[in-house]
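What follows is each chain in one-letter form.
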Amino acid sequence: MDYIQSNKLAWEDAFRHRKPGWGDDNVARLQSEHLPFLHPDIVRVVEGMAFQGKTVAQFCCNNGRELLSLMQLGAERGFGFDLAENLIAQAREMASTVGAACTFEACNLLELPARYTGQFDFIFFTVGALAWFEDLDPVFALGKRCLKPDGVLLVHDSHPLLCLLPVPGEEAYREGEVRVSYPYFRKTPWLENSGMGYLSGKYDSPTFTSFTHTVSDILGGVLRAGLCLELFQEYPHDVGITPVYEGKDLPLSYLLLAKNR
Ligand SMILES: C[S@@+](CC[C@H](N)C(=O)[O-])C[C@H]1O[C@@H](n2cnc3c(N)ncnc32)[C@H](O)[C@@H]1O
């Protein structure tokens, strides 16, 4: 079994083991709050964009809550793609309840059907999406292929530097210390068998396989895909991995925008 097939099993299993109530208030929040599931760094950027009449897509959309939030800005159609069939089923249910013009499809992003070529004005990846791909070049090439001319790609994620540092619970972690513990140019995958914290909490789970990427993997991948880099912004705040390195003047997250010129 390849790592993507095994990640599909792991994500679907984590969703089956989801914490009681996980996702249950999504619909209520989508109906009562403004852009409830988008990080403020994304909100600052997307609020300045015109989405009326546009087609938007989220790659690795999980249960669709972020795409459904974005739809509040007036896009005509939304498309969400994710490996996990049960997460996509929840996304479809939510879209139908809130009446969003969204299509959700379960697939391996790297095998996205050809019918999506040149279809999107805006594509976004949010925290924890890129780590599931060994090589980012085909991912950004796919982004380029699916964007319309002048379409925009947005990536918001934790910073590659964070992959050098241990998180609480790991052997190398010492409270209050910043200890470089893992190689920046690490090629070996991370193999984890203890669930997906934010979704399921800890349990003996199937194996999640993820990868470290360097800043040049990300920026180089965007440029090699032929996209035009418009913005690369680093932030000192965490976006969901661990708050323990906040306040130490370290780059913990980033946002990039690239255009299909
Ligand atoms: C951490 S989530 C990212 C979305 C969002 N920020 C969130 O936290 O829900 C990562 C998602 O990537 C999906 N994924 C992993 N590998 C994928 C692939 N090859 N194709 C499509 N989706 C994939 C997983 O199923 C998971 O839902």
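Above this note sits the structure.
The structure reproduced in this document is the subject of the present report. (Residues numbered from 1 in each chain as written. Predicted model: local features only at pLDDT ≥ 70, side-chain atom pairs only at ≥ 80, totals over all residues. Heavy atoms only, no water.)

Turning our eyes to something else, we now look at the environment of D121. With respect to the helices and strands, the residue D121 is situated in strand β4 (residues 120–125). C-alpha separation for the pair D121 and L250, spaced 129 residues apart in sequence, amounts to 33 Å. Those residues in contact with D121 that lie beyond four places of it in its chain are K54, T55, L147, K148, G151 and V152. One polar contact links D121 to K148, side chain to side chain, over a distance of 3.2 Å. (Helix = DSSP H or I, 4+ residues; strand = E, 2+ residues; numbered from the N terminus. Contact = heavy atoms within 4.5 Å. Polar contact = N/O pair within 3.5 Å; in protein donor to acceptor, adjacent residues only side chain to side chain.)

Attention now goes to the nonpolar core. Buried together is how nonpolar side chains tend to be arranged in soluble globular proteins. Core analysis: the largest hydrophobic core is formed by 43 residues, its most contacted members being F59, F81, L109, L112, F120, F125 and F140. When residues of this core are traced back to their parent elements, those giving at least two are α1 (3–16), β1 (55–59), β2 (77–82), β4, α6 (137–146), β5 (147–158), α8 (215–224) and β9 (253–259). Apart from residues no more than four positions distant in its own chain, F125 is found in contact with F59, L109, L130, V139, L153, L154, V155 and H156. Among the nonpolar cores identified, the runner-up in size contains 31 residues, and C61, M71, L73 and F124 belong to it. (Core = buried A, V, L, I, M, F, W, Y, C linked by side-chain atoms within 4.5 Å. Buried < 20%, exposed > 50% of the residue type's maximum accessible area, 1.4 Å probe, protein only.)

In the structure shown here, the tally under the stated rule is 19 aromatic pairs. Between Y184 and F185 the ring centres are 4.9 Å apart and the planes differ by 80°, which places this aromatic pair in the edge-to-face class. According to the relative accessible area criterion, Y184 is partly exposed, its value standing at 26%. Judged by relative accessible area, F185 falls into the exposed class, the value being 61%. Connected via pairs of aromatic rings, a cluster forms that spans F59, F79, F81, Y116, F120 and F125. The cationic tip of R18 hangs over the ring face of F15; the distance from NZ or CZ to the ring centre is 4.0 Å. Just above the ring of W190 sits the side chain of R186; from NZ or CZ to the centre is 3.6 Å. (Phe/Tyr/Trp six-rings, centres within 6.5 Å; stacked < 30°, edge-to-face > 60°. Lys NZ or Arg CZ within 6 Å of the ring centre and 35° of its normal.)

Keep in mind these values describe shape, not function.
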